[in-house]
Amino acid sequence: MAVVIDRSSPHVSFQIAQYILDCVVASLETECGSPPERSCVIVGAPAQDDCCDGQLTVGILNFQGSNSFPIPATGFNPCGAPITLINMDVSLYRCAPVLDDDGEAPPCELLSKSAEQVYFEARVVWQGVQCCLKTLADDYTTMIESVILSQDIQTPEGGCVGSVLHLTVGFP
């Protein structure tokens, strides 16, 4: 996958988010057979509202200045910090087993199958992002640094379950 990121563009943040999204979609296609039906770059954190066919999002949470990646700058710098940090999340949600029409809890077999899928796809997302970030780091023209911070498993909420991977990307 070609890296098309122009650090001089005012759209560089979106370009990075879209590149990460494309990498994860490709990883999910390779490892799972098909990507989620909904895959998009969003603003902030996703709403868990349409997950039954799968919902993959990359959202930028905030921007920070830095004098040394990945540490946010402290104090005042009249010219601004030399490095821009972008804190973002990669979220993947699927339908969770829910109560049946009689109010009965889902059987353990369904819960276990759902857990297996969540854990497997969380690993695929982590590996896809890691590979994508390595490609960015190896491309000397982008001068982009990155670090994966953590990945949270999201318990069922609104009928959705999945994972959220937190990362920081920085560039001069």
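Model, not experiment: these values are computed from the prediction.

**Notes on the overall build of the protein**
Each helix and strand in the protein was counted, giving two helices and six strands. Start at the N end of the protein and walk to the C end: the helices and strands fall as α-β-β-β-β-α-β-β. In the protein, which comprises 172 residues, the share counted as buried stands at 40%. Here the contacts in the protein between residues at least 6 apart in sequence split such that 58% fall between residues at least 24 apart.

**With respect to the side chain of Gln 55**
Counting through the fold element by element, Gln 55 comes out in strand β2 (residues 55-68). A distance of 2.9 Å separates a polar atom in the side chain of Gln 55 from the backbone oxygen of Ala 47. In this structure, Gln 55 is in contact with Pro 36, Arg 38, Pro 46, Ala 47, Gln 48, Asp 49, Asp 50, Ser 91, Leu 92 and Tyr 93, ignoring residues within four places of it in sequence.

**Side note on the confidence of the model for the protein**
Scored by pLDDT, the protein has a mean of 90; 97% of the residues are at 70 or more. Confidence scores differ between elements of the protein, with strand β3 (residues 71-72) showing the lowest mean pLDDT of 90 and strand β1 (residues 38-43) the highest of 96.

Thresholds applied
- Residues numbered from 1 in each chain as written.
- Predicted model: local features only at pLDDT ≥ 70, side-chain atom pairs only at ≥ 80, totals over all residues.
- Heavy atoms only, no water.
- Helix = DSSP H or I, 4+ residues; strand = E, 2+ residues; numbered from the N terminus.
- Buried < 20%, exposed > 50% of the residue type's maximum accessible area, 1.4 Å probe, protein only.
- Contact = heavy atoms within 4.5 Å.
- Polar contact = N/O pair within 3.5 Å; in protein donor to acceptor, adjacent residues only side chain to side chain.
- pLDDT = per-residue confidence, 0-100.

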